[in-house]
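Summary of structural features
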Amino acid sequence: MLEQYEQALDEWIATKVTGGDDDQLFASGYLQGHVAVVLSELEVQESQDYQALDTKMQACLETAKSELEPADLALVVNAWNELREKMAQVASA
């Protein structure tokens, strides 16, 4: 399952790189790093399902509140919601 999440992430990032604006590039790059860390953490855990991924990403977004300006945080949260839908589709397939 983790490989499928990683593939979905890579595809999503590719669409942002080829067709995204500066804000989308920033948000996708920020998320890419966090998702990569979360996926590597899930590799060593028993639970590797969508819920585990989402829970860890929500924790990352909580950390982002102290790292990012409100406008940048909004970009990242919106980007995560978009990517989250893609990940949910992968999980349900």
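Before any of the text, the structure's been laid out above.
This report concerns the structure included in the present document. The structure displayed is predicted, hence computed values, not measured ones.

**Quick notes on the environment of D21**
With respect to the helices and strands, D21 occurs in the loop between helix 1 (2–19) and helix 2 (22–43). A residue is classified by how much of its surface remains accessible, and D21, at 41% relative accessible area, is partly exposed. A polar contact of 3.1 Å, which involves the side chain of D21, links it to the backbone nitrogen of D23.

**A look at the side chain of H34**
Residue position: H34 is located in helix 2. Polar contacts involving the side chain of H34 include one to the side chain of Y30, which spans 3.3 Å. Apart from residues no more than four positions distant in its own chain, H34 is found in contact with M57, C60 and E67.

**Brief notes about the nonpolar core**
One finds Y5, V35, L53, M57 and M87 to be the most contacted residues of the largest nonpolar core, which totals 28 residues. When contributions to this core are tallied by element, the ones reaching two or more residues are helix 1, helix 2, helix 3 (50–67) and helix 4 (70–92). Residues within four places of L53 in sequence aside, it is in contact with Y5, V38, L39, L42 and M87.

**What about helix 4?**
Given a rise of 1.5 Å per residue, 23 residues ought to cover 33 Å, and the 32 Å separating the end C-alpha atoms of helix 4 matches this to within 8%. Along helix 4, the positions that sit buried rather than exposed are L73, V76, A79, W80, L83, M87 and V90. If you follow the buried residues of helix 4, they end up packed against helix 1, helix 2 and helix 3.

**Observations concerning the pattern of salt bridges**
Here the structure, examined in full by the defined rule, presents 4 salt bridges. Across the pair K56 and E41 runs a salt bridge, and its minimum N-O distance is 3.2 Å. Of this pair, K56 sits in helix 3 while E41 sits in helix 2, placing them 15 residues apart in sequence. A salt bridge links K65 to E62, with the shortest nitrogen-to-oxygen separation between them at 3.0 Å. You can see K65 and its partner E62 sitting in helix 3, 3 residues apart, about one turn around the helix. Its relative accessible area of 48% is what places E62 among the partly exposed residues.

About the criteria used
- Residues numbered from 1 in each chain as written.
- Predicted model: local features only at pLDDT ≥ 70, side-chain atom pairs only at ≥ 80, totals over all residues.
- Heavy atoms only, no water.
- Helix = DSSP H or I, 4+ residues; strand = E, 2+ residues; numbered from the N terminus.
- Buried < 20%, exposed > 50% of the residue type's maximum accessible area, 1.4 Å probe, protein only.
- Polar contact = N/O pair within 3.5 Å; in protein donor to acceptor, adjacent residues only side chain to side chain.
- Contact = heavy atoms within 4.5 Å.
- Core = buried A, V, L, I, M, F, W, Y, C linked by side-chain atoms within 4.5 Å.
- Expected span 1.5 Å × (residues − 1).
- Salt bridge = Lys/Arg side-chain N within 4 Å of Asp/Glu carboxyl O.

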